[in-house]
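The residues making up each chain are set out below.
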Amino acid sequence: MGIRDSNRAVVAGNLTRDPELRAMPGGTQVLGFGIAVNDRRRNQQAGEWEDYPNFIDCTMFGNRAEALSRILRKGMKVAIEGKLRYSSWEDKNGGGRRSKVEIIPDEVVLMSQNHNGQQAPQYACLLYTSDAADEEDSGDLGGRRNNKKKNKEKIKKMKTNQE
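To start, this report covers the structure provided alongside it. It should be emphasised that the depicted structure is a prediction, and the values quoted were computed from it without experimental measurement.

Where strand E2 (residues 20-23) meets strand E3 (residues 29-43), 4 bridges bridge the pair, whose relative direction is antiparallel. Bridging across to E3, Glu20 finds its partner in Gly32. Hairpin connection from E2 to E3: 5 residues lie between these consecutive antiparallel strands, with Gly27 at a positive phi of about 100°.

Okay, here's the thing in structure tokens:
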């Protein structure tokens, strides 16, 4: 049996901007936000470790997008589990073809205080699972439910390491 492709990403970082909620013509809510995930590398010239940020765009759909729009704020630490999505388009200003890879979150865990400096409410510390993840079938190789359980364990471990 060969190795199957897998399109899953788990990252933890800080929100780079307040989320932007909009509605599609059919009424589906769309939440866009960005996170910065640091990559720690040793600077060979200075001999010190430095953080190099990776900026990742995230787009979430449905009822949970609207709920999270009321909670997420710039600077909050979150852990995200989701799938990668590639998109490309023509630059409106004649800059040629543009592209990006973003994460479509299935789950979001709040790992820090809210924008008022208060600890996030207990309900917000739960996983916010996307509508799409609820509707997906289990697949094979143990199914999506087992993968979600493993990812929840990874996110819990990330959260523990951040405290």
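That was the structure; now back to the text.
Take the nonpolar core next. Judged by nonpolar contacts, the single largest core of 20 residues is most densely connected at Phe33, Ile35, Leu72, Val78 and Ile80. Put simply, the parts of the chain that give this core at least two residues each are strand E1 (9-15), E3, strand E4 (48-61), helix H1 (63-69), strand E5 (77-90) and strand E6 (97-110). For this core, the element with the most residues is E3, which contributes 4 residues. Beyond its immediate sequence surroundings of up to four residues, Leu72 is in contact with Leu15, Pro19, Leu31, Phe33, Val78 and Leu110.

Okay, the side chain of Ser69 next. When you line up the elements, Ser69 lands in helix H1. Among the polar contacts made by the side chain of Ser69, one reaches the main-chain carbonyl oxygen of Glu66 at a distance of 2.6 Å. With sequence-adjacent residues up to four places away left out, Ser69 is seen in contact with Pro19, Leu21 and Leu31.

What follows covers the pairing of E4. Summarising the sheet, E3 and E4 pair through 14 bridges and their orientation is antiparallel. Pairing of Arg42 across the sheet is with Trp49, part of E4. Once E3 ends, the chain turns through 4 residues before running back antiparallel as E4, passing Gly47 with a positive phi of about 75°.

Together, Leu84, Tyr86 and Val101 give the surface a local cluster of nonpolar side chains, amounting to about 320 Å² of exposed area. Assignment of secondary structure puts Leu84 in strand E5. Owing to a relative accessible area of 40%, Leu84 belongs among the partly exposed residues under this scheme.

Any two aromatic rings considered together are summarised by their centre-to-centre distance and by the angle between their planes. The full count for this structure, using the stated rule, is 0 aromatic pairs. Sitting over the ring of Tyr52, Arg41 keeps its end group 4.0 Å from the ring centre.

Right, let's get into the pattern of salt bridges. Counted by the stated rule, this structure contains 11 salt bridges. Between Arg40 and Asp51 there is a salt bridge, with its nearest N and O atoms 3.0 Å apart. Here Arg40, found in strand E3, pairs with Asp51, found in strand E4; they are 11 residues apart in sequence, far enough to count as distant. Between Arg85 and Glu102 there is a salt bridge, with its nearest N and O atoms 2.5 Å apart. Of the two residues, Arg85 sits in strand E5 while Glu102 sits in strand E6, which places them 17 residues apart along the sequence. One continuous salt-bridge network, built from bridges that share partners, spans Arg17, Asp57, Arg85, Lys100 and Glu102.

Calculation criteria
Throughout this document, residue positions are counted from 1 along each chain, in the order its sequence is written. Local features are withheld for residues below a pLDDT of 70 in this predicted model, meaning they are given only at 70 or higher, and side-chain atom pairs are given and counted only at 80 or more; totals for whole chains, interfaces and linings count all residues. Values reported for side chains reflect all heavy atoms of the structure, with hydrogen atoms and water molecules removed beforehand. Think of it this way: DSSP has to see at least two bridges between two strands before they count as a pair. Secondary structure elements follow DSSP: runs of H or I of four or more residues count as helices, runs of E of two or more count as strands, with numbering from the N terminus. For our purposes a nonpolar core is just a set of buried Ala, Val, Leu, Ile, Met, Phe, Trp, Tyr and Cys residues, chained together by side-chain atoms within 4.5 Å. For the exposure calls, accessible area comes from a 1.4 Å probe over protein chains only, and a residue counts as buried if that area is under 20% of its type's maximum, exposed if over 50%, partly exposed in between. What makes two residues a contact is simply this: any of their non-hydrogen atoms within 4.5 Å. For this analysis, a polar contact is any N or O atom pair within 3.5 Å, provided that within protein one partner can donate a hydrogen and the other can accept it, and provided that sequence-adjacent residues contribute only side-chain to side-chain pairs. For patch detection, residues must exceed 30% relative accessible area and be free of salt bridges, and they are connected within 9 Å for like charges or within 5 Å for nonpolar side chains (Val, Leu, Ile, Met, Phe, Trp, Tyr). Here, Shrake-Rupley sampling with a 1.4 Å probe gives the accessible areas, and only protein chains in the shown set may cover a residue. Put simply, a salt bridge is a Lys or Arg side-chain nitrogen that is within 4 Å of an Asp or Glu carboxyl oxygen. Aromatic rings from Phe, Tyr and Trp, taking only the six-membered ring of Trp, are treated as a pair when their centres fall within 6.5 Å; an angle between ring planes under 30 degrees marks them as stacked, one over 60 as edge-to-face, and anything in between as tilted. Any Lys NZ or Arg CZ that is within 6 Å of a ring centre and within 35 degrees of that ring's normal is treated as a charge sitting over the ring.

Read these as layout, nothing more, since geometry by itself doesn't imply function.
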